[in-house]
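# Close look at the chain arrangement
Take a look at the letters that make up each chain.
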Amino acid sequence: MCKMMRGGDLIVLSGPSGVGKSTLVKKVRAFHPELEFSVSCTTRAMRPGEIDGKDYHFLDEEEFSRRSDSGAFLEEARIFRHRYGTLKSEVLERLRAGRSVLLDIDLQGAKQIRAVADADREIGAAAVFVMIVPPDLAALEKRLRERGSESDEQIALRLGAARRELAGFRTYDYLVVNDDLETAAADLDKILAVCRMRTAIVQGDPFV
Ligand code: ADP
Ligand code: 5GP
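Reference entry: report on the structure contained in this document. Everything quoted here is computed from the prediction, not taken from an experiment. Within every chain, residues take consecutive numbers counted from 1 along the sequence as written. By the order in which they are written, chains take letters starting at A while ligands take numbers starting at 1. Note on the predicted model: pLDDT of at least 70 is required for a residue's local features to be given, and 80 or more for side-chain atom pairs to be given and counted; whole-chain, interface and lining totals, by contrast, use all residues. Side-chain figures throughout are based on the complete set of non-hydrogen atoms in the structure, without hydrogens or water.

Let us look at the environment of A125. Along the polypeptide, A125 turns up in helix 5 (residues 121-126). A contact between two residues is defined here by any heavy atoms of the two lying within 4.5 Å. Those residues in contact with A125 that lie beyond four places of it in its chain are R198, A200 and I201. Counting from the N terminus, the helices are DSSP H or I runs at least four residues long and the strands are E runs at least two residues long.

This brings us to the packing of aromatic side chains. Side-chain rings of Phe, Tyr and Trp, where Trp is taken by its six-membered ring, are said to pair if the distance between their centres is within 6.5 Å; with planes under 30 degrees apart they count as stacked, over 60 as edge-to-face, and otherwise as tilted. All chains considered together, the criterion is met by four aromatic pairs. With 5.9 Å between their ring centres and 65° between their planes, Y56 and Y84 make a pair best called edge-to-face. Here Y56 is found in strand 5 (residues 56-58), whereas its partner Y84 is found in strand 7 (residues 82-87), with 28 residues between them in sequence. Between buried and exposed lies partly exposed: a residue is buried under 20% and exposed over 50% of the maximum accessible area for its type, with that area taken using a 1.4 Å probe on protein chains only. Taking the relative accessible area as the measure of exposure, Y84 reaches 11% and is therefore buried. Taken together, a centroid distance of 6.5 Å and an interplanar angle of 75° make the contact between F129 and Y172 edge-to-face. Of this pair, F129 sits in strand 9 (residues 127-133) while Y172 is found in the loop between helix 7 (152-167) and strand 10 (174-177), placing the two residues 43 residues apart along the sequence. There is no split in this pair, since F129 and Y172 are both buried. Ring-pair connections join several aromatic residues into one group, and the members of that group are Y56, F58 and Y84. Either the NZ atom of lysine or the CZ atom of arginine qualifies as a charge over a ring when it sits within 6 Å of the ring centre and within 35 degrees of the ring normal. Positioned above the aromatic ring of F129 is the side chain of R114, whose terminal nitrogen or guanidinium carbon lies 4.1 Å from the ring centre.

A separate point is the site of ligand 1. Of all residues adjacent to ligand 1, which total 13 residues, the nearest are G18, K21, S22, T23 and R147. A 3.5 Å cut-off defines polar contacts: any pair of N or O atoms within that distance qualifies, except that in protein one atom must be a possible hydrogen donor and the other a possible acceptor, and neighbouring residues in sequence count only when both atoms are side-chain atoms. In this structure, an oxygen atom belonging to ligand 1 sits 2.8 Å away from a main-chain N or O atom of K21. Note that an oxygen atom of ligand 1 is positioned 2.8 Å from one of the side-chain N or O atoms of R147. Against a free-state accessible area of 570 Å², the protein chains account for coverage of 73% of ligand 1. For the shell around ligand 1, the secondary-structure elements that each account for two or more residues are helix 1 (21-31) and helix 6 (137-147). Sorting elements by how many residues they give to the shell around ligand 1 places helix 1 first, with three residues. Nonpolar residues are Ala, Val, Leu, Ile, Met, Phe, Trp, Tyr, Cys and Pro. Charged residues are Asp, Glu, Lys and Arg, and all others, Gly as well, are polar. Here the residues of the shell around ligand 1 sort into three nonpolar, six polar and four charged. Put simply, a residue is near a molecule or strand once any heavy atom of it comes within 4 Å of that molecule or strand. A 1.4 Å probe and the Shrake-Rupley method give the accessible areas. Residues count as covered only by the protein chains that appear here.

We now examine the site of ligand 2. Around ligand 2, the surrounding shell holds 19 residues, and the nearest of these are S40, R44, Y56, Y84 and D104. Within the side chain of R158, an N or O atom sits 2.9 Å from an oxygen atom of ligand 2. Expressed as a share of its isolated accessible area of 510 Å², the protein-covered part of ligand 2 is 96%. Secondary-structure elements contributing two or more residues to the shell around ligand 2 are strand 6 (73-79) and strand 7. Among the residues forming the shell around ligand 2, the class breakdown is six nonpolar, six polar and seven charged.

What follows is the structure, encoded as C-alpha cells:
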C-alpha cells in the first residue's frame, strides 16, 4: 500500500484590481476548505464590509515600515499609492506543516515570490502562479465602477495599472478568464485539483 505524503501548495493568484479575484477565491474556498488564505498587510483604507485581520491587516504607514524594516515580509509592493505586503508568518509555517496557502497579490509581488521560489527548493516545489484576466478592459471598468468602492481617481489608476499587469501574463503558469463567474470558478477549481497531482510536492520516497 502506497502512503503518499504531500507538501502544501503555494497558490499565487494575480490579476488586475476589479477582475474578480476576491469573488473567485470565496467561491473556490467553499470546495477547497484546506486552502488557507494569506492575509496581507496594507496601508489602504478599509472598504465597507471588510474585516480587519480577515481581509487584510490594516496598518498605518509607520507600523508597515516597522514590519518591513524588521524583515517580516516575504514580498511587498507599493500599489495605487498604498503599501501592500505578504507576511512570512502567514506562509512559511503553514507550508512547512504541509498546508496549502493562497496569496492574492499583484504582478510585482508575484515576481518577488518567483525569485524566492527560484532560490528556495521548498518554496520552489510549492509555488504555482495563476493569473485571472477579464474578457476585455471595458468589462473590467464596468466591474470597478459597479463595485462602487473607489473614487474616479482610484478607478483611473487601477485601469492604467491593469494594462501593465495584463502584459505580464506570460510570467504565470495558468490563465483563467473571468467572463462567466461559474466557468471561471470551475477553471480555478480544476487548476487547484491538478496542483495536488504535481510530482514536485510528493514528499520522501513513497515507492521504496
Ligand atoms: P478583485 O478582488 O479582483 O479586485 P472583486 O472580487 O472585488 O475583484 O470583484 C469586482 C467586482 O466585479 C465585484 O463587484 C464583483 O461582484 C464583480 N464580479 C466578479 N466576477 C464577475 C463576473 N464574472 N461577472 C461580472 N461581475 C463580476
Ligand atoms: P485591493 O486594494 O483592490 O484589495 O488590492 C489591490 C491590489 O493589491 C490587487 O492587485 C491585489 O492583488 C494586490 N495585493 C493585495 N495584497 C497584496 C500583497 O500582500 N502584496 C502585493 N504585492 N500585492 C497585494
